[in-house]
Amino acid sequence: FGRSGLWAVGAFYKDIDGVIEKRQVGVDAGTGKPIEMPVNAGNAKVKGLDFEVRTGLELLALPDVSLHANYTLQDSEVNDPNTGASRRMKDHPQHLGNLILRYGHKPLGFGASLGLNYIGKKVDETSPLTPTKTEKAFTTVDASLTQRIYGGASFFASANNLLNEKREKQDGLKTEREEVGRMFFAGLRFDL
């Protein structure tokens, strides 16, 4: 698509033997908090569609800027060995997406990006005796930059979750908010 663009559509299907899921196996008598451990949840199927677009913004007189976007629509099914029922895999979102604006100036060896990352709602239907647990959709804004110093040496820095978004889980009438926090990385890279 143009000099630097791409449009792509892909489909996938996976058969997974012996999916492992984290499950609540009891309650701590001292704290009252749930005890979780990995357990075999049976065999699963995952299928979906991927959509991707990459394009330069030369038409907007921005020759060093590009836009990258992708979206995944997916579904899963596991035959629960405890109940015999079919359900979605635990914490498997139906929707995932990214939107990234990139700037790259080769003569200066400089690059920067600003991205929006989306993870759709997650559902936990592992126990038919308790209400369905959900985790709300989660969106973060991330940024990065790279500066070539000399030859194969470069400086890089990145920041994840710049807006300090929090995860929110709903378990019946109980709501939990998890402080994810911001993460910052910086360093030197040497390409040999």
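Counting of residues starts from 1 at the beginning of each chain's written sequence and follows it residue by residue. pLDDT decides what is reported in this predicted model: residues at 70 or higher carry local features, side-chain atom pairs at 80 or more are listed and counted, and totals for whole chains, interfaces and linings draw on all residues regardless. Water and hydrogen atoms were dropped before computing side-chain values, which therefore reflect all heavy atoms in the structure.

A. Layout of unusual backbone geometry. Its identity is not glycine, yet Ala-61 carries a phi of approximately 60°, on the positive side. Take Ala-61: it is sitting in the loop between strand 4 (44–57) and strand 5 (62–79). The phi angle at Asn-161 is positive, at roughly 60°, despite the residue not being glycine. You can see Asn-161 is positioned in the loop between strand 12 (153–160) and strand 13 (166–171). Secondary structure is summarised from DSSP: a helix means a run of H or I of at least four residues, a strand means a run of E of at least two, and numbering begins at the N terminus for each.

B. View of the environment of Asp-80. With respect to the helices and strands, the residue Asp-80 is situated in the loop between strand 5 and strand 6 (86–87). Given the relative accessible area of 3%, Asp-80 is considered buried. Along the chain, Asp-80 and Thr-126 lie 46 residues apart, while their C-alpha atoms are 7.9 Å from each other. Excluding its chain neighbours within four sequence positions, the residues that come into contact with Asp-80 are Arg-23, Ala-41, Ala-85, Arg-87 and Thr-126. Accessible area is worked out with a 1.4 Å probe on protein chains only. A residue is then buried under 20% of its type maximum, exposed over 50%, and partly exposed in between. In what follows, residue pairs with any heavy atoms lying within 4.5 Å of each other are defined as contacts.

C. The nonpolar core, seen in detail. Side-chain atoms within 4.5 Å are what join buried Ala, Val, Leu, Ile, Met, Phe, Trp, Tyr and Cys residues into a set we call a nonpolar core. Formed by Val-19, Ala-41, Ala-44, Val-46, Val-78 and Met-89, the largest nonpolar core amounts to 6 residues. Residues contacting Ala-44, with those up to four places away along its chain left out, are Lys-14, Asp-15, Ile-16, Val-19, Glu-77, Val-78 and Met-89.

D. Layout of the side chain of His-68. For His-68, the position within the fold is in strand 5. Its relative accessible area of 16% is what places His-68 among the buried residues. Two N or O atoms count as a polar contact when they lie within 3.5 Å, although within protein this holds only if one can serve as hydrogen donor and the other as acceptor, and sequence-adjacent residues are included solely when both atoms are side-chain atoms. There is a polar contact of 3.0 Å between the side chain of His-68 and the side chain of Ser-66. Setting aside its immediate chain neighbours within four residues, His-68 contacts Val-53, Arg-54, Asn-98, Leu-99, Ile-100 and Arg-102.

E. Quick look at the pairing of strand 5. The pairing of strand 4 with strand 5 spans 14 bridges and is classified as antiparallel. Counted as the bridge partner of Arg-54 is His-68 from strand 5. Two strands pair if DSSP finds at least two bridges between them. Relative to strand 7 (residues 95–105), strand 5 runs antiparallel, the two sharing 9 bridges. Considered in strand 7, the bridge of Ser-66 is made with Arg-102. Here strand 5 hands over to strand 6 after 6 residues, with Gly-84 in that stretch at a positive phi of 80°.

F. Molecular detail of the packing of aromatic side chains. Only the six-membered ring of Trp is used, alongside the rings of Phe and Tyr, when aromatic pairs are assigned; centres must lie within 6.5 Å, and planes under 30 degrees apart are stacked while those over 60 apart are edge-to-face, with the rest tilted. Enumeration over the complete set of coordinates arrives at 2 aromatic pairs. Judged by centre distance (6.3 Å) and plane angle (20°), the rings of Phe-51 and Tyr-71 are stacked. Taken as a pair, Phe-51 in strand 4 and Tyr-71 in strand 5 lie far apart in primary sequence, 20 residues in all. When its relative accessible area of 33% is taken as the criterion, Phe-51 is described as partly exposed. Geometrically, the ring pair formed by Tyr-103 and Phe-110 is tilted, given 6.2 Å between the ring centres and 55° between the ring planes. Across from the ring centre of Phe-138, 4.2 Å away, lies the NZ or CZ of Arg-167, which sits over that ring. Only lysine NZ and arginine CZ atoms are considered, and such an atom sits over a ring when it is within 6 Å of the ring centre and within 35 degrees of the ring normal.

G. Geometry of the confidence of the model for the protein chain. In this model, the protein chain carries an average pLDDT of 88, and 96% of its residues clear a pLDDT of 70 or more. Each residue carries a pLDDT value, the predictor's own confidence for that position, ranging from 0 to 100. Confidence, read as mean pLDDT per element, is least for strand 2 (residues 20–27) in the protein chain (81) and greatest for strand 8 (residues 110–119) (96).

H. Representation of the sheet that holds strand 13 within the structure. Strand order in this open sheet of 4 strands is 9-10-13-14, and the pairing throughout is antiparallel. Here the strands that pair on one side only, and so sit at the sheet edges, are strand 9 (122–124) and strand 14 (174–179). Between one strand and the next, the sheet's axes are offset by a mean angle of 15°, whatever the strand orientation. Across 6 bridges, strand 13 lies against strand 14 in antiparallel orientation. The residue of strand 14 that forms the bridge with Asp-171 is Lys-174. Every angle, taken between N-to-C directions, lies between 0 and 180 degrees, and every axis is a line fitted to C-alpha atoms, over only the stretch in contact when it is a helix.

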